[in-house]
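Structure assessment
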Amino acid sequence: MQPQIIPNLSVDCVVFGFDFDTKSLNVLLTKRYLESDVDQKVLIDDFVLTGYHVLENEDIDQTATRVLKELTGLDNLYKKQFKVFGNPNRLMNEKDRIWAQKENFNERTITIAYYFLLQASEVSLNDTKREAHWFPVNNLPVMGFDHLDIITDAYNDIKIKVLTEQIMFDLMPIKFTLNELQSAYEIILDVTLDNRNFRKKVLTKPYIVPLQDKKKVGTAKKPSQLYMFSKDVYFKLTEKDAIISTII
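Residues numbered from 1 in each chain as written. Predicted model: local features only at pLDDT ≥ 70, side-chain atom pairs only at ≥ 80, totals over all residues. Heavy atoms only, no water.

As named in an unreviewed UniProt entry, the protein chain is NUDIX hydrolase, taken from Flavobacterium kayseriense.

The next thing to look at is the layout of surface pockets. Roughly 530 Å³ of volume is contained in the largest pocket. Gln166, Phe169, Asp170, Phe229 and Lys231 are the residues nearest the centre of the largest pocket, which is lined by 21 residues in total. Computed from the structure, the second largest pocket encloses a volume of approximately 440 Å³. As for the second largest pocket, its lining consists of 21 residues, and the residues nearest its centre are Gly51, Tyr52, Trp99, Phe105 and Phe145. Mapped onto the lining of the second largest pocket, the elements with two or more residues apiece are strand E1 (5-19), strand E2 (24-35) and strand E4 (50-55). Among the residues forming the lining of the second largest pocket, the class breakdown is 8 nonpolar, 7 polar and 6 charged. (1 Å grid on protein atoms, 1.4 Å probe; cavity = no way out; pocket = protein on both sides within 12 Å on 5 of 7 lines; lining within 4 Å. Points joined across faces, edges and corners; volume = space filled by probe spheres on them. Helix = DSSP H or I, 4+ residues; strand = E, 2+ residues; numbered from the N terminus. Nonpolar A, V, L, I, M, F, W, Y, C, P; charged D, E, K, R; others polar.)

To continue, consider the packing of aromatic side chains. For the structure shown, the criterion picks out 13 aromatic pairs. Ring geometry for Phe82 and Tyr115: centres 5.5 Å apart, planes at 45°, overall tilted. Taken as a pair, Phe82 in strand E5 (residues 78-85) and Tyr115 in strand E6 (residues 110-119) lie far apart in primary sequence, 33 residues in all. Taking 5.6 Å as the distance between ring centres and 55° as the angle between the ring planes, the aromatic pair formed by Phe229 and Tyr234 counts as tilted. We note that Phe229, like Tyr234, is buried. Among the aromatic residues, ring-to-ring pairing joins Phe169, Phe176, Tyr207, Phe229, Tyr234 and Phe235 into one connected group. The ring of Phe145 has Arg32 lying over it, and the distance from NZ or CZ to the ring centre is 4.5 Å. The ring of Tyr155 has Lys159 lying over it, and the distance from NZ or CZ to the ring centre is 4.4 Å. (Phe/Tyr/Trp six-rings, centres within 6.5 Å; stacked < 30°, edge-to-face > 60°. Buried < 20%, exposed > 50% of the residue type's maximum accessible area, 1.4 Å probe, protein only. Lys NZ or Arg CZ within 6 Å of the ring centre and 35° of its normal.)

It is worth spelling out the nonpolar core at this point. In terms of nonpolar packing, the biggest core is built from 44 residues, with Val14, Phe16, Tyr115, Met168, Leu181, Tyr185 and Ile243 touching the most fellow members. Contributions of two or more residues to this core are made by E1, E2, E5, E6, helix H3 (147-164), helix H4 (178-189), helix H5 (195-202) and strand E9 (224-229). Among residues more than four places away in sequence, those in contact with Val14 are Val27, Leu49, Tyr114, Tyr115, Phe116, Ile150, Ile151 and Ala154. Core analysis: the next-biggest nonpolar cluster, separate from the first, contains 18 residues, Val15, Val67, Leu68 and Val123 among them. (Core = buried A, V, L, I, M, F, W, Y, C linked by side-chain atoms within 4.5 Å. Contact = heavy atoms within 4.5 Å.)

Taken as a whole and assessed by the stated rule, the structure comprises 13 salt bridges. Put simply, Asp96 and Arg32 hold a salt bridge, and the shortest N to O gap is 2.9 Å. Separated by 64 residues along the polypeptide, Asp96 in helix H2 (residues 94-102) and Arg32 in strand E2 bring together distant segments of the chain. In this structure Asp96 comes out as buried when scored by relative accessible area, which is 3%. Across the pair Lys80 and Asp157 runs a salt bridge, and its minimum N-O distance is 2.9 Å. (Salt bridge = Lys/Arg side-chain N within 4 Å of Asp/Glu carboxyl O.)

With respect to the element layout, Leu77 can be found in the loop between helix H1 (60-72) and E5. When the C-alpha positions of Leu77 and Asp170 are compared, they lie 7.8 Å apart, and in sequence the two are 93 residues distant. In this structure, Leu77 is in contact with Leu68, Phe116, Leu117 and Leu118, ignoring residues within four places of it in sequence.

A word on the packing of H4 against H5. Where H4 contacts H5, the axes come no closer than 11 Å and their chain directions differ by 110°. What the angle tells us is that H4 and H5 run roughly perpendicular. The crossing of H4 and H5 is right-handed. Residues Leu178, Asn179, Leu181, Gln182 and Tyr185 of H4 form the contact with H5, whose own contacting residues are Asn195, Phe198, Arg199 and Val202. Here the residues of the contact of H4 with H5 sort into 5 nonpolar, 3 polar and 1 charged. (Axes fitted to C-alpha atoms, helices over the stretch in contact; angles between N-to-C directions. Parallel < 35°, antiparallel > 145°, perpendicular 65-115°, else oblique. Left-handed = near helix turned anticlockwise from the far one by under 90°.)

See below:
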């Protein structure tokens, strides 16, 4: 017997991916499109987060993991449950009501929101089951439901967490230069950091480990030193202060 859904409880997932080519923090969105059965008039043409109803036999975290796996093929990523959205009018927009009727959604649906962190290059858009696209978090398309609010709240939470925790390294490659790390902080926080102070602060952290190999940046410049984040060292520390909390 197939597990039944809980009709008015869902999970929506905000998948953030950092793109080092475009130097942007992106959000993975899926296309929502619907035409009229009568005259093929376009009724809905926008983008949404990916979410599903919770099944009766799974807990909320399992639902979020299932959503991520079906969308990206990935699991075991940084995951944060950050807010519940239960406004009684959250599905009452005309387009949303049409979609809810088509999909047999309960118009009084409460959603539990999660976000995931990864590198955008880890996701192969050709392999996703839905028509998925990356969009810069500061340049989003027209969106359905209250998903713009969900993304905004998720992004605000990330900007706090990168100042107090080490979640930045879930967005970074295993090997990185200090310039890449600084650039990621500046882009996500929309600030400019003093290069000298940043490097000085980072190099005092025992969990930022220099590697033997170098990263070539072109013939005109010297190769850059590569580093990695050591979770083992970080979690053994009694004081886990963030890298840039005292710089900004």
